Amino acid sequence: MGWLERLFAFRTMEPTVGARVMRALGILLFLVIASICAVVVWAFPRQDRLATERDGRLETAPGTISATSVRHWKGRRTRGSTWELEVWYRYEVDGKAYAGRNVTFHHSTLRFSTEREALDARAAWADGTSVTVFYDSAEPSTSALTKEWKPVVFLVPFAAIICVICLLAAFFLVRDTLREARRSPVPAGEITRAVRSVRNVSATLAGASALLLAVHAMPIATHGLVVKPRLATATPLFMWDLDVHNGPPTPVSKYRFRPEGQEDWFEGRAWRFGRTGLPTLERAEAVKERLVDAHREDRLLVHYLPADPTVCALTPDHGGVLPRTTVLAASLCLAFMGLLAVVSARVLRRRPVEPGPPRGLRSRRIRS
């Protein structure tokens, strides 16, 4: 019997923890779908209303394409391919510089079914190309290269129907689950085995999360305790201006410096040790501006390791080896799974140990 058949077999739920969990997951699934549809019913009309109001506030400003990239996405099941074009641009409003990446106000990228179409579009928006940027006068950071948008309010009736169906399905699942639970309660031994499995799985996931965090934290700790106190400084000579590249957003430049007491020049590109990528373009732009200001004030130095000057950066900090989202996810997983492992272990200690069948009887069953 498949999981769908078990889910909708209202009156044949087995008296096991696994069956109860499957039924609870089914109820949760319907509630999640209903919640998403409810958000659609509320958000889509609001989105169209805000887009209509924004059209009356749109103004234009000259902009310049700063970077473009084409990514290839290949479907695992359909075996189809999609090429996605990202376009980054810069513009100024009232003397203040802004950066954007929205092709339209609803989509930040363009998708093509063939590589040739994506490359042709990229050629039309090559680096340094002058473009017209449409921005919201009430919030100049909200911008796009085209002002067209597609209404989505027509999806609201379909979302409302799906929401009602999922709520009814969740109601009937809850009703039949409670009835079946009263008729056939789960045996105590089955509960003990389920709690033991939860303890083992949660402890394993917590250990994996801790190991992942250690992989990220060890280079930072080693750098702070061993490498950073030994760093020397030198004045950089930039070979091109500081800029921001995408994928992930990173302040980049190429600089040269001569270590103290040496005649050879060394080259560097990193603005910090370890991972140089940042979560958003805005963060990268802010770091770049901070470095530019320090360079203008003659405060910007290259921090390098005297034993190996190729190990260098513009700041003495270390960015670790993992993205911030991965570190955050691992931290949440460690906290939740660790708590779950502790709670399940305490439950097992408080539950009485149920004697198993005699060894002789067990051995006779094996021989038979």
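The structure contained in this document is the topic of the report that follows. (Residues numbered from 1 in each chain as written. Predicted model: local features only at pLDDT ≥ 70, side-chain atom pairs only at ≥ 80, totals over all residues. Heavy atoms only, no water.)

### Brief notes about the pairing of strand S13 (residues 302–305)
Because side chains alternate across S13, one face comprises the buried residues Val302 and Tyr304, and the other comprises His303 and Leu305, equally buried. Bridge count for strand S7 (residues 232–234) against S13 is three bridges, and the pairing is antiparallel. Opposite Ala232, over in S13, you have Tyr304 as the bridge partner. Relative to strand S14 (residues 308–313), S13 runs antiparallel, the two sharing three bridges. Considered in S14, the bridge of Leu305 is made with Asp308. Taking the residues that link successive antiparallel strands as the turn, the S13-S14 hairpin has two residues. (Buried < 20%, exposed > 50% of the residue type's maximum accessible area, 1.4 Å probe, protein only. Helix = DSSP H or I, 4+ residues; strand = E, 2+ residues; numbered from the N terminus. Pairing = 2+ DSSP bridges.)

### Quick word on unusual backbone geometry
You will see that Asp94, though not glycine, has its phi angle at about 55°, which is positive. Backbone geometry at Asp298 places phi at a positive 60°, although glycine is not the residue there. Tracing the sequence through the fold places Asp298 in the loop between helix H6 (281–296) and S13. Its relative accessible area of 69% is what places Asp298 among the exposed residues.

### Concerning the sheet that holds strand S12 (residues 266–268)
Strand order in the open sheet formed by three strands is S8-S11-S12, and the pairing between neighbours is antiparallel. Edge positions in the sheet fall to strand S8 (237–238) and S12, since each has one partner strand and no second. Sheet analysis places strand S11 (residues 255–257) next to S12, joined by three bridges and oriented antiparallel. Note that in S12 the partner of Arg256 across the bridge is Glu267.

### A short note on the pattern of salt bridges
It is possible for side chains bearing opposite charge to pair when their charged atoms get close. Applying the stated criterion across every chain, the model contains 15 salt bridges. Among the ionic pairs, Glu285 bridges to Arg90, the shortest N-O distance being 3.7 Å. Here the residue Glu285 occupies a position in helix H6, and Arg90 occupies one in strand S2 (residues 81–93), the gap between them amounting to 195 residues. By relative accessible area, Glu285 is classed as buried at 16%. (Salt bridge = Lys/Arg side-chain N within 4 Å of Asp/Glu carboxyl O.)

### Side note on the packing of aromatic side chains
In total, this model carries seven aromatic pairs according to the counting rule given. Ring plane angle 20° and centroid distance 5.6 Å describe the contact between Tyr91 and Tyr98, whose orientation is recorded as stacked. You'll find Tyr91 and Tyr98 in the same group, each marked buried. Between Phe238 and Tyr255 the ring centres are 6.1 Å apart and the planes differ by 70°, which places this aromatic pair in the edge-to-face class. Of this pair, Phe238 sits in strand S8 while Tyr255 sits in strand S11, and the two are 17 residues apart along the sequence. Like Phe238, the residue Tyr255 is buried in the burial classification. These aromatic residues form a ring-pair network of at least three members: Tyr89, Tyr91, Tyr98 and Tyr135. The residue whose ring lies beneath Arg54 is Phe105, and the NZ or CZ to ring-centre distance is 4.2 Å. (Phe/Tyr/Trp six-rings, centres within 6.5 Å; stacked < 30°, edge-to-face > 60°. Lys NZ or Arg CZ within 6 Å of the ring centre and 35° of its normal.)

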